[in-house]
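Analysis of the macromolecular model
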Amino acid sequence: MAGLRREATLAAVPDALQSPPDAPRRPFTRTVHGDAVDDPYHWMADKTDPELLEYLAAENAWTEQHTAHLEPLAEELYGDLKARTKQTDMSVPLHVTHTDGTSYWYYGRTTEGHDYGRSCRLPATSRDDIPDVSEPGPDEEVVLDVQALAESHDYFSLGLANVSPDGRRLAYSVDTTGDERYDLFVVDLATGETIDGPVPGVGGGGTWAGPDWLFYTRVDAAWRPHEVWRHRVGTDPATDALVF
């Protein structure tokens, strides 16, 4: 059966002799540390160049044409993986005691049909008494509903998502364009109100230093983290300090 399927798939492959699009070459020489380097594809760095967009569209069309015969197999594999994945699930609860003396169990919850999950917590009386969180209970608090954040965006990526040491605030960052630069926000967990942000164009990570200060990174033109900045919650990001 598998052999027949393979033969049928191979028979459906489009003509392999058909040439893919060939990117135009334009003379360009750049000098790095005294060495001259020919880079005929330097022009492709301009993402707004109409010729580049036309070339990329041609590449995509060629790829789709030459992989169309794989669509049934891709659907079969996807269906098999989906059937083996428990979509409505939760992570193992993690016990955390905050600086104000409160304790919580923190865990993630996923729901069938949703692309993103929710971060939740439950008041803890003892670190040895692990709660049953298989179903949401009346005391469950949703710390961050990532599905709700992502719903109005074509692209969404969560960066930082950390609760402050006193357990009263959540810092999180999001990228909604795909350029790996994030906007940072702070939420008051008691009210659900966003009390700070956005701090725009930051790196994906960060950390709290007490309940009022955040450290985050900024990236350079090559998207490499190269600076550490300090931000006080509730202040203008323009006054943030470069610390390293």
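Notes on the structure in this doc start here. (Residues numbered from 1 in each chain as written. Predicted model: local features only at pLDDT ≥ 70, side-chain atom pairs only at ≥ 80, totals over all residues. Heavy atoms only, no water.)

With that out of the way, let us pick up the overall build of the protein. Along the backbone of the protein there are 4 helices and 15 strands. The globule rule puts the C-alpha radius of gyration for 244 residues at 18 Å, and the 25 Å found for the protein is more than 25% above it. In the protein, which comprises 244 residues, the proportion classed as buried is 25%. In the protein, once contacts between residues fewer than 6 apart in sequence are set aside, the share between residues at least 24 apart is 34%. Total accessible area on the protein stands at roughly 16000 Å², and carbon and sulfur atoms take up 53% of it. (Helix = DSSP H or I, 4+ residues; strand = E, 2+ residues; numbered from the N terminus. Rg over C-alpha atoms; globule rule 2.2 N^0.38 Å. Buried < 20%, exposed > 50% of the residue type's maximum accessible area, 1.4 Å probe, protein only. Contact = heavy atoms within 4.5 Å. Areas by Shrake-Rupley, 256 points an atom, 1.4 Å probe, with all protein chains shown as cover.)

Looking along the chain, the bond that leaves Gly-197 and enters Pro-198 is cis, with omega of 5 degrees. Here Pro-198 lies in strand S11 (residues 193-202). Of note, the phi angle at Glu-180 is positive, near 60 degrees, even though the residue is not glycine. Note that Glu-180 resides in the loop between strand S9 (169-175) and strand S10 (182-188).

Assignment of secondary structure puts Tyr-78 in helix H3 (residues 71-83). By relative accessible area, Tyr-78 is classed as exposed at 53%. Remark: the alpha-carbon pair of Tyr-78 and Gly-101, spanning 23 residues in sequence, is separated by 46 Å.

Moving on, we get to the sheet that holds strand S8 (residues 157-163). In spatial order, the strands read S8-S9-S10-S11; together these 4 strands make up an open sheet with antiparallel pairing. Since the sheet does not close on itself, it has two edges, and those belong to S8 and S11, each with one partner. Each adjacent strand pair in this sheet contributes to an overall mean axis angle of 15 degrees, direction not counted. As defined by bridge partners, S9 adjoins S10 across 6 bridges and the pair is classed as antiparallel. In the strand pairing of S10, Ala-171 is matched with Val-186. (Pairing = 2+ DSSP bridges. Axes fitted to C-alpha atoms, helices over the stretch in contact; angles between N-to-C directions.)

Judged by pairing direction, the sheet is antiparallel, and its 4 strands sit side by side in the order S12-S13-S14-S15 without closing on themselves. Of all strands in the sheet, those bounded by a partner on one side alone are strand S12 (206-209) and strand S15 (241-242). Relative to strand S14 (residues 225-232), strand S13 (residues 213-219) is paired through 7 bridges, and the arrangement is antiparallel. Bridging from a neighbouring strand, Leu-214 pairs with His-231 of S14.

Once that is clear, we can look at the packing of aromatic side chains. By the definition in use, this model includes 3 aromatic pairs. Ring centres 5.5 Å apart and planes at 75 degrees place the aromatic pair Tyr-116 and Phe-156 in the edge-to-face group. With Tyr-116 in the loop between strand S5 (103-110) and strand S6 (118-123) and Phe-156 in the loop between helix H4 (146-150) and S8, this pair connects stretches of sequence that are 40 residues apart. Its relative accessible area of 30% is what places Tyr-116 among the partly exposed residues. Consider the rings of Tyr-172 and Phe-185, whose centres lie 5.5 Å apart with planes at 20 degrees: the pair is stacked. Of this pair, Tyr-172 sits in strand S9 while Phe-185 is found in strand S10, placing the two residues 13 residues apart along the sequence. Its relative accessible area of 17% is what places Phe-185 among the buried residues. Between the NZ or CZ atom of Arg-26 and the centre of the ring of Trp-43, over which it lies, the distance is 4.2 Å. Over the face of the ring belonging to Trp-229 we find Arg-218, whose NZ or CZ atom lies 5.7 Å from the ring centre. (Phe/Tyr/Trp six-rings, centres within 6.5 Å; stacked < 30°, edge-to-face > 60°. Lys NZ or Arg CZ within 6 Å of the ring centre and 35° of its normal.)

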